[in-house]
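A look at the structure
For reference, the chains in residue letters:
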Amino acid sequence: MTATVVLPVFIAVAGQLYPDLSFAPFYGAACAFLWIPYLTECWRLTTTITLTDQGFSVRKLAQRPRQFRCSGIIAYNERREVGRGGSFLVLTVYLRNDFFIVKSNAFPDYERIKAYFSQVSESIPYQKVVTRPERNRLRWLLSGLALFIVANIVFGYLAHNHVDHTKARLTAVTDVVDRVTENRPKGNFKGVYFRLRRWPELNFYASRRAYTLSLQPLKQVVRINQPITLLIPDSEFRKKIAYTEPLTIGDKYINYSLVSVYGIYQEHAVRIQAAGPALEPTRTNPLFRTILLVFLLLVCWAGWVYVDQHKVIRTD
């Protein structure tokens, strides 16, 4: 739950003026496939079973106990499966309007349960079955996930800024620098963040790829609480500082706080400018994003086909 839901949402909204959707929706679409088999197993998993002379009661995970009579049993099947803890036996009991499974590694009295059902029914070859409510729930989950994936594809195109790859015009911003931090994922130096006093919601970022000189000494060289001049793309200045141009969807929801820096000047401290051309940010790569998400759509289709291969047990 933390890895697939809580953490991505926290990353998207923590300290952001606008939610950063560059990571969370795509990650959520991919990780949703981990939840579908888990929920399917939960709906099928028998947690308690009570045997009596007149019948038995079965409770599945997150469901209320249900009472059954022995006359409602059609047949049973026992097969061996292999899991992390080794091999174990799985008893599947087929009813007229339901079914349930009992695993030997989950029930200490498995042999007594098996003996009970073997006395009142006959053994048949294993059949893949699903109740109609379970099938409908799986279809709703797969359909909802497919719509979420399509929404991700549409978002990728809406957030893409259609600009040509010409050199961007740069604008200088000057203010007191409050903080300088290094970007070091897993100890690998990537660049330097500057926090300016007038715009605390923005992270001015100088990437090492844009400079021929090393940026690693900047954290020690730049003087905190002193004015500094940074060169940033003019479009970023108009949208995020001067507010003379409206933000696009990509400007808002794809790393809004990040502003690229192509020049750093501080009197008697540092004077450095990027070697390569400054390009306007495009925000997303919609074609690459679409290719990956279409693969997830194919997985949704395969899941739909797999569900349809099960025999449906009517519960009405």
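These remarks concern the structure in this document. (Residues numbered from 1 in each chain as written. Predicted model: local features only at pLDDT ≥ 70, side-chain atom pairs only at ≥ 80, totals over all residues. Heavy atoms only, no water.)

1. A word on the environment of Pro25
Selection rule: Every helix listed is a DSSP run of H or I at least four residues long, and every strand listed is a run of E at least two residues long, numbered separately from the N terminus. Note on exposure labels: buried denotes an accessible area under 20% of the residue type's maximum, exposed denotes more than 50%, and partly exposed covers the range between, all computed with a 1.4 Å probe on protein chains only. Residue contacts are counted whenever heavy atoms from the two residues lie within 4.5 Å of one another.
Along the chain, Pro25 falls in helix α2 (residues 24–44). You can call Pro25 buried: its relative accessible area is 15%. Counting along the chain gives 17 residues from Pro25 to Pro8, while the straight-line C-alpha distance between them is 8.4 Å. The contact partners of Pro25, leaving out residues within four places of it in the chain, are Phe148 and Asn152.

2. With respect to the layout of surface pockets
One way to see where empty space is left: roll a probe the size of a water molecule over the atoms. What counts here: Site definitions follow a grid-based scheme: protein atoms alone, a 1 Å grid, a 1.4 Å probe that fits but cannot get out for cavities, and for pockets an open set with protein on both sides within 12 Å along at least five of seven lines, plus lining residues having an atom within 4 Å of a point. Grid points are joined across faces, edges and corners, and a volume is the space filled by probe spheres set on the points. Ten residue types, Ala, Val, Leu, Ile, Met, Phe, Trp, Tyr, Cys and Pro, are classed as nonpolar, four, Asp, Glu, Lys and Arg, as charged, and the remainder, Gly among them, as polar.
Put simply, the largest pocket is a space of about 580 Å³. What lines the largest pocket is a set of 20 residues, among which Leu258, Ser260, Tyr262, Pro281 and Arg283 lie closest to the centre. Looking at the lining of the largest pocket, the elements with two or more residues in it are β11 (203–207) and β13 (258–260). Looking at the lining of the largest pocket, the element that brings in the most residues is β13, giving three residues. Its residues assigned to classes, the lining of the largest pocket comprises ten nonpolar, six polar and four charged. When its volume is computed, the second largest pocket comes out at roughly 410 Å³. Contributing to the lining of the second largest pocket are 18 residues, with Pro37, Thr40, Leu138, Tyr306 and Val307 lying nearest its centre. Looking at the lining of the second largest pocket, the elements that each hand over two or more residues are α2, α4 (132–158) and α8 (286–308). Looking at the lining of the second largest pocket, the element that brings in the most residues is α2, giving seven residues. Along the lines of polarity and charge, the residues of the lining of the second largest pocket split into eleven nonpolar, three polar and four charged.

3. Remarks on the environment of Leu61
Secondary-structure assignment places Leu61 in the loop between β2 (55–60) and β3 (66–69). On the accessibility criterion, Leu61 (29% relative accessible area) is partly exposed. Apart from residues no more than four positions distant in its own chain, Leu61 is found in contact with Cys42, Leu45 and Thr47.

4. Let's talk about the pattern of salt bridges
Condition: Here a salt bridge means any side-chain nitrogen of Lys or Arg lying within 4 Å of a carboxyl oxygen belonging to Asp or Glu.
All told, the structure shown has 16 salt bridges when counted by the stated rule. In this structure, the salt-bridge partner of Arg184 is Glu182, at a minimum N-O distance of 2.5 Å. The network of salt bridges with common partners includes Glu236, Lys239, Lys240, Asp251 and Arg283.

5. Some thoughts on the sheet that holds strand β12 (residues 227–233)
As a reminder, the rule being used: For two strands to be treated as a pair, DSSP must find no fewer than two bridges joining them. To obtain each axis, a line is fitted to C-alpha atoms, and for helices this fit is confined to the stretch in contact; angles are then taken between N-to-C directions over 0 to 180 degrees.
Pairing within the open sheet is mixed, and its seven strands lie in the order β13-β11-β10-β9-β12-β14-β15. The outermost strands of the open sheet, each flanked by one partner alone, are β13 and β15 (270–273). The mean inter-strand angle of the sheet, taken between neighbouring strand axes irrespective of direction, is 40 degrees. For β12 and strand β14 (residues 263–266), the ladder comprises three bridges, and the chain directions are antiparallel. The residue of β14 that forms the bridge with Leu231 is Gly263.

6. Here we look at the sheet that holds strand β4 (residues 73–83)
In any sheet, the strands associate via hydrogen bonds between backbone groups, in a parallel or an antiparallel arrangement. With mixed pairing, the four strands of this open sheet are ordered in space as β6-β5-β4-β7. Only two strands of the sheet have a single partner each, and these edge strands are β6 (99–103) and β7 (122–123). Looking at chain direction, strand β5 (residues 86–95) and β6 are connected through five bridges and run antiparallel. Across the sheet, residue Leu91 finds its bridge partner in β6, namely Val102. The sheet contacts of helix α3 (residues 110–120) involve β4, β5 and β6, and relative to β5 the element is tilted by about 35 degrees.

7. Some thoughts on the packing of α2 against α8
To keep it simple, the criterion reads: Relative orientations are named as follows: roughly parallel for angles under 35 degrees, roughly antiparallel for angles over 145 degrees, roughly perpendicular for angles from 65 to 115 degrees, and oblique for any other angle. For any pair of crossing helices, the crossing counts as left-handed if the nearer helix is rotated counterclockwise from the farther one by less than a right angle, and right-handed if it is rotated clockwise.
Contact geometry of α2 with α8 gives a least axis separation of 11 Å together with a crossing angle of 25 degrees. On the basis of their axis angle, the class for α2 and α8 is roughly parallel. As α2 runs across α8, the sense of the crossing is left-handed. Across the interface between the two elements, Phe26, Ala29, Ala30 and Phe33 from α2 touch Arg289, Leu292, Leu293, Leu296, Val299 and Cys300 from α8. Split by residue class, the contact of α2 with α8 holds nine nonpolar, no polar and one charged.

8. Section: the packing of α2 against α4
Between two packed helices, the angle of one axis relative to the other and the distance separating the axes together describe the packing. At a minimum axis separation of 10 Å, α2 and α4 run at an interaxial angle of 175 degrees. Relative to α4, the element α2 is oriented roughly antiparallel. Every residue of α4 that contacts α2 at Pro25, Phe26, Gly28, Ala29, Ala32, Phe33, Ile36, Leu39, Thr40 and Trp43 is listed here: Glu134, Arg137, Leu138, Leu141, Leu142, Leu145, Phe148, Ile149 and Asn152. A class-by-class count of the residues in the contact of α2 with α4 yields 14 nonpolar, three polar and two charged.

9. Concerning the side chain of Asp98
What counts is decided by this rule: Residues adjacent in sequence count toward polar contacts only when both atoms are side-chain atoms; beyond that, a polar contact is any pair of N or O atoms within 3.5 Å, and within protein one must be able to donate a hydrogen and the other to accept it.
Structurally, Asp98 can be placed in the loop between β5 and β6. Of the polar contacts made by the side chain of Asp98, one reaches the side chain of Arg66; its length is 2.8 Å. If we skip the residues at most four places from it in the chain, Asp98 touches Lys60, Arg66, Phe68, Val93, Thr131 and Ile313.

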